[in-house]
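Descriptive structure summary
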Amino acid sequence: MAALAMGSNFPSELSREIFSKVRGKSSLAKLSAQEPVAFTGTDVFTFDFDHKVSVVGENAPKVEGGASITPVQMKPVKVEYGARVSDEFMYASEERQLEILSAFVDGFAKKLAQGFDEMALHGVNPYTGTASAIIGTNNLDSKATAVSGATNIESGMATAAQTITNYTINGVILSKAAGAELGALKENGVSVYPQLKWGGEIDEINGLRADVNITADASAPVAYTGDFEAFKWGFARDIFTKVIEYGDPDNTGVDLAGSNQVYLRCEAYIGWGIMDGAAFAKVTE
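About the thresholds
Residues numbered from 1 in each chain as written. Predicted model: local features only at pLDDT ≥ 70, side-chain atom pairs only at ≥ 80, totals over all residues. Heavy atoms only, no water. Helix = DSSP H or I, 4+ residues; strand = E, 2+ residues; numbered from the N terminus. Contact = heavy atoms within 4.5 Å. Buried < 20%, exposed > 50% of the residue type's maximum accessible area, 1.4 Å probe, protein only. Arc of directions from axis to C-beta. Salt bridge = Lys/Arg side-chain N within 4 Å of Asp/Glu carboxyl O. Pairing = 2+ DSSP bridges.

1. What about the environment of tyrosine 81?
Here tyrosine 81 is to be found in strand β4 (residues 77-86). For the pair tyrosine 81 and leucine 112, spaced 31 residues apart in sequence, the C-alpha to C-alpha distance is 8.6 Å. Residues contacting tyrosine 81, with those up to four places away along its chain left out, are Phe104, Phe108, Lys111, Leu264, Arg265 and Cys266.

2. A short note on helix α5 (residues 153-163)
Every buried residue of α5 is accounted for by Ile153, Gly156, Met157 and Ala160. Each buried residue of α5 lies within a common arc of 100° when the element is viewed along its axis, so the set occupies one face. Packed against the buried residues of α5 are β7 (145-147), β8 (171-175), α6 (176-184), β12 (208-213), β13 (222-226) and β17 (280-284).

3. As for the side chain of aspartate 117
Position of aspartate 117 among the secondary structure elements: in helix α3 (residues 94-122). Setting aside residues up to four positions removed in sequence, aspartate 117 forms contacts with Lys25, Ser26, Ser27, Leu28, His122, Asn213 and Thr215.

4. Brief notes about the pattern of salt bridges
Counted by the stated rule, this structure contains 7 salt bridges. Across the pair glutamate 267 and lysine 78 runs a salt bridge whose closest N-O atoms are separated by 3.8 Å. Of the two residues, glutamate 267 sits in strand β16 (residues 261-274) while lysine 78 sits in strand β4, which places them 189 residues apart along the sequence. Glutamate 267 gets classed as buried once you look at its relative accessible area, which sits at 11%. Close ionic contact of arginine 84 with aspartate 250 constitutes a salt bridge, the shortest N to O distance being 2.7 Å. Within this pair, whereas arginine 84 is found in strand β4, its partner aspartate 250 is found in the loop between β15 (240-244) and β16, the two being separated by 166 residues in sequence.

5. Some words on the environment of isoleucine 205
Note that isoleucine 205 resides in strand β11 (residues 204-205). On the basis of relative accessibility, which here comes to 6%, the residue isoleucine 205 falls in the buried class. The sequence separation of isoleucine 205 and valine 172 amounts to 33 residues, and the corresponding C-alpha distance is 8.4 Å. Each residue touching isoleucine 205, except ones within four places of it in the same chain, is listed here: Val172, Leu182, Tyr193, Gln195, Leu196 and Ala210.

6. Side note on the sheet that holds β17
Where strands meet in a sheet, backbone hydrogen bonds hold them as pairs that are either parallel or antiparallel. Taken in spatial order, the 6 strands of this open sheet run β7-β17-β13-β8-β12-β11, and their pairing is mixed. Where the open sheet ends on each side, the last strands, each with one partner, are β7 and β11. Relative to β12, β8 runs parallel, the two sharing 5 bridges. Of the residues in β12, the one forming a bridge with leucine 174 is valine 212.

7. Quick look at unusual backbone geometry
Phi is positive for asparagine 206, close to 50°, though the residue is something other than glycine. Within the secondary structure, asparagine 206 sits in the loop between β11 and β12. Asparagine 206 gets classed as exposed once you look at its relative accessible area, which sits at 62%. A positive phi angle is found at asparagine 260, which is not glycine, with a value near 55°.

Here's what the structure looks like:
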């Protein structure tokens with residue numbers, strides 16, 4: 001029972017399970033690279049070179065190059081989720097407790113992945129759906145180039161390809177409405193994107209890594225595209241859980257001991273950084 005003491009970590013295999021499920025369910029985690037993040041924040045440096053490389057002949061002088069360096073801070077954001085369960089949890093066998101924790105991990109991983117996309121795409125607190133002062137402008141809605149007024153997602157993507165001039169486009173995140181629109185598109189009676197019909201999930205479209213995201217926009221055809229190598233993310237510490245037996249940890253006014261309950265709380269510190277907003281475009285109709 002020691003593994004479930006107050007404030008204990010998840011067993012390591014459950015932490016790995018969370019990482020795997022977050023990567024599988026978050027569009028941004030799926031399309032971009034994970035980086036180590038310091039608990040106090042990590043500075044990622046990008047260089048902007050002023051010129052192209054120079055050919056230098058034998059005994060010839062070298063030329064001035066010049067570059068500017070821009071640090072982008074990946075500062076971790078603390079997120080948490082908790083749930084009350086019957087205090088019978090404390091008296092169950094260790095195997096049964098691990099089954100319950102595994103189910104809790106599954107639910108937390110889904111919520112964490114969805115919340116990560118909501119935070120990094122829109123800059124909102126997922127719990128309230130409103131803008132977060134902690135996140136500020138560290139989100140694609142704020143930093144990506146806006147491509148609005150497109151007659152459809154296909155034409156908007158063509159405009160975005162012309163807008164993103166200094167980067168290679170390697171990925172696209174589609175809203176469900178955008179995916180449905182493309183799935184219904186036909187040429188000479190033949191579906192152009194049959195993999196998107198009936199809300200299907202995708203990994204690739206037109207040579208780009210791709211994903212359909214439920215948080216992108218619930219109703220409007222929207223697409224985020226660009227060079228996802230310019231988006232970095234990572235965890236600052238292991239996923240952490242607490243099994244709380246006393247008090248009112250969720251501020252509901254209901255005492256745990258008085259209600260024969262215990263509280264499971266998961267916490268994670270996740271950080272991300274957008275190296276250059278010009279590497280991305282947000283397409284809206």
